[in-house]
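# Analysis of the macromolecular model
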Amino acid sequence: MTINEVLVLQKAVRERLNGLKGLRSEVSKSETLFYAKDEKKVTEPQYDVKAVDAKIVELEMWLFKADSAVKQANATTQVPIESNVDSLLAGLV
């Protein structure tokens, strides 16, 4: 996988991760209100919270590994460009 492919995939995984975190906190339950003598609210889980958490951890671990691999590749990759830093950063004459 190229660095560019990893960076693009990281973005998609981050979006998926944000969606799953929202799912875990907002949509993972179904609420029903009963109006009778006593108002009653019933909450039923719609997804297995452990499965959602496991997927979140899996995606977070992949992001950590991908980020580490990209940084390691960037640290060892030489860019073939010639430049004179002194002249590039010199002030105006």
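Read on for a plain summary of the structure. (Residues numbered from 1 in each chain as written. Predicted model: local features only at pLDDT ≥ 70, side-chain atom pairs only at ≥ 80, totals over all residues. Heavy atoms only, no water.)

## Focus on the overall build of the protein
The helix and strand inventory of the protein stands at three helices and two strands. Its helices and strands taken in sequence order, the protein reads α-β-β-α-α from the N to the C terminus. Computed over C-alpha atoms, the radius of gyration of the protein comes to 25 Å, more than 25% over the 12 Å expected from 2.2 N^0.38 for 93 residues, which places it beyond the range of a compact globule. The C-alpha extent of the protein, read off along each of the three principal axes, is 85 × 35 × 15 Å. Scored against the burial criterion, the 93 residues of the protein give a buried share of 14%. Considering only contacts in the protein between residues 6 or more positions apart, those separated by 24 or more positions represent 56%. Accessible surface for the protein amounts to roughly 8,000 Å². Of this, 56% is attributable to carbon and sulfur atoms. (Helix = DSSP H or I, 4+ residues; strand = E, 2+ residues; numbered from the N terminus. Rg over C-alpha atoms; globule rule 2.2 N^0.38 Å. Buried < 20%, exposed > 50% of the residue type's maximum accessible area, 1.4 Å probe, protein only. Contact = heavy atoms within 4.5 Å. Areas by Shrake-Rupley, 256 points an atom, 1.4 Å probe, with all protein chains shown as cover.)

## Structural notes on a nonpolar patch on the surface
A surface patch of nonpolar side chains, about 310 Å² in accessible area, is lined by V57, M61 and F64. The topology assignment puts V57 in helix 2 (residues 49-76). On the accessibility criterion, V57 (46% relative accessible area) is partly exposed. (Patch = residues over 30% accessible without salt bridge, like charges linked within 9 Å, V, L, I, M, F, W, Y side chains within 5 Å. Salt bridge = Lys/Arg side-chain N within 4 Å of Asp/Glu carboxyl O.)

## What about the nonpolar core?
Counting residues in each nonpolar core, the largest one holds eight residues, listed as V13, L17, L20, L23, V52, I56, L59 and L63. For this core, the secondary-structure elements that each account for two or more residues are helix 1 (3-27) and helix 2. In this structure, V52 is in contact with L20, L23, R24 and Y47, ignoring residues within four places of it in sequence. (Core = buried A, V, L, I, M, F, W, Y, C linked by side-chain atoms within 4.5 Å.)

## Considerations on helix 2
Taking 1.5 Å per residue as the helical rise, helix 2 with its 28 residues ought to reach 40 Å, and the 41 Å between its terminal C-alpha atoms agrees with that figure. Considered for burial, the residues of helix 2 that qualify are V52, I56, L59, L63, A66 and V70. (Expected span 1.5 Å × (residues − 1).)

## Re the environment of P80
Along the polypeptide, P80 turns up in the loop between helix 2 and helix 3 (85-88). Sequence-wise, P80 and E5 are 75 residues apart; in three dimensions their C-alpha atoms are separated by 21 Å.

## Topic: the pattern of salt bridges
Two side chains with opposite charge may pair up if their charged atoms get near one another. The tally for this structure, following the rule as stated, stands at three salt bridges. Note that K21 and E60 form a salt bridge whose closest N and O atoms lie 3.4 Å from each other. Within this pair, whereas K21 is found in helix 1, its partner E60 is found in helix 2, the two being separated by 39 residues in sequence. The exposure class of K21 is partly exposed, given its relative accessible area of 32%. Assessed through its relative accessible area of 34%, E60 is described here as partly exposed. Here K55 makes a salt bridge to E58, at a shortest N to O gap of 3.7 Å. Linking K55 with E58, this pair stays in helix 2, spanning three residues, or about one helical turn. In this structure K55 comes out as partly exposed when scored by relative accessible area, which is 33%.

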